[in-house]
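# Examination of the molecular architecture
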Amino acid sequence: MAIGSPAKAARLDQLGSYARVQVWSGYQRPEDVRREVYDAVLDEVKDADEAAYLTDRYLAEAHVALDQAAAGWPSPSAFDRLQAAFTELRSADVFVLEACEDHWVAHETLERAAAHGRRPRGIVYFAPVDVWHAVEHGMLELNVWHGTSANVAPGDDLLELVQQTLSRHDIESLFDEGRVEVSLAWQRRPRDRTAARS
């Protein structure tokens with residue numbers, strides 16, 4: 001199959017990377033991942049049959065790579081440790097939203113809680129694009145707000161709680177420009193792909 005220009009080849013490589021981060025993320029159902037990847041590929045190649053072929057190829061390659069990588073991950077994996085830290089934060093009255101759509105979802109979550117007479121200590125959230133960055137670069141950015149939706153600042157007890165909790169699970173973090181940057185290899189095993197969002 002002819003790829004075409006070098007520029008098109010580069011864009012197709014990017015689509016392969018897009019399929020990889022979607023598969024490795026593990027937050028969406030397989031059929032939703034396929035639809036999103038297919039739509040992106042179709043937008044590039046324009047031909048439905050070619051788009052279907054490339055989508056299946058990219059997804060198969062991503063799954064094989066994930067299976068091979070996961071075979072060498074430790075137990076608990078970095079993702080397991082992150083989940084343990086999130087569990088601890090939830091027990092400390094901090095909401096944790098994983099792969100939520102955007103900051104509006106976080107805001108609405110706090111508003112719903114307030115409407116029911118609850119104001120949590122804080123909320124930690126990250127979006128799908130943050131997960132994709134973690135898959136590719138080993139760094140996950142966390143947004144941390146107080147229960148009032150105010151951003152945390154250096155010296156805040158909530159910020160210290162979040163970073164100390166991560167540290168107890170051997171996860172390094174740095175507060176920079178309003179977000180907590182977490183150094184983390186995205187080691188989410190294939191069996192965890194369909195786990196529900198929190």
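Structure: see above.
What comes next concerns the included structure.

Here the focus is helix 7 (residues 157-168). Helix length check: helix 7 (twelve residues) gives 16 Å between terminal C-alpha atoms against 16 Å at 1.5 Å per residue, within 8%. Of the positions making up helix 7, those classed as buried are Leu158, Leu159, Leu161, Val162, Thr165 and Leu166. Looking straight down helix 7, one finds its buried side chains confined to an arc of 160°; they lie on one side. Of the surrounding elements, those touching the buried residues of helix 7 are helix 4 (78-91), strand 1 (94-97), strand 2 (122-125), strand 3 (139-146), strand 4 (172-176) and strand 5 (179-183). Phi for Asp170, located one or two positions after helix 7, is positive at around 60°.

Two elements in contact, helix 4 and helix 7, have axes separated by 9 Å at closest approach and are oriented at 140°. If you check the angle between helix 4 and helix 7, you find them oblique. In the crossing of helix 4 with helix 7, the sense of the turn from one axis to the other is right-handed. On helix 7, the residues that touch Leu82, Ala85, Glu88 and Leu89 of helix 4 are Leu161, Val162, Thr165, Leu166 and Arg168. Classifying every residue of the contact of helix 4 with helix 7 by side-chain character gives six nonpolar, one polar and two charged.

Thresholds, definitions, all that
Residues numbered from 1 in each chain as written. Predicted model: local features only at pLDDT ≥ 70, side-chain atom pairs only at ≥ 80, totals over all residues. Heavy atoms only, no water. Helix = DSSP H or I, 4+ residues; strand = E, 2+ residues; numbered from the N terminus. Expected span 1.5 Å × (residues − 1). Buried < 20%, exposed > 50% of the residue type's maximum accessible area, 1.4 Å probe, protein only. Arc of directions from axis to C-beta. Contact = heavy atoms within 4.5 Å. Axes fitted to C-alpha atoms, helices over the stretch in contact; angles between N-to-C directions. Parallel < 35°, antiparallel > 145°, perpendicular 65-115°, else oblique. Left-handed = near helix turned anticlockwise from the far one by under 90°. Nonpolar A, V, L, I, M, F, W, Y, C, P; charged D, E, K, R; others polar.

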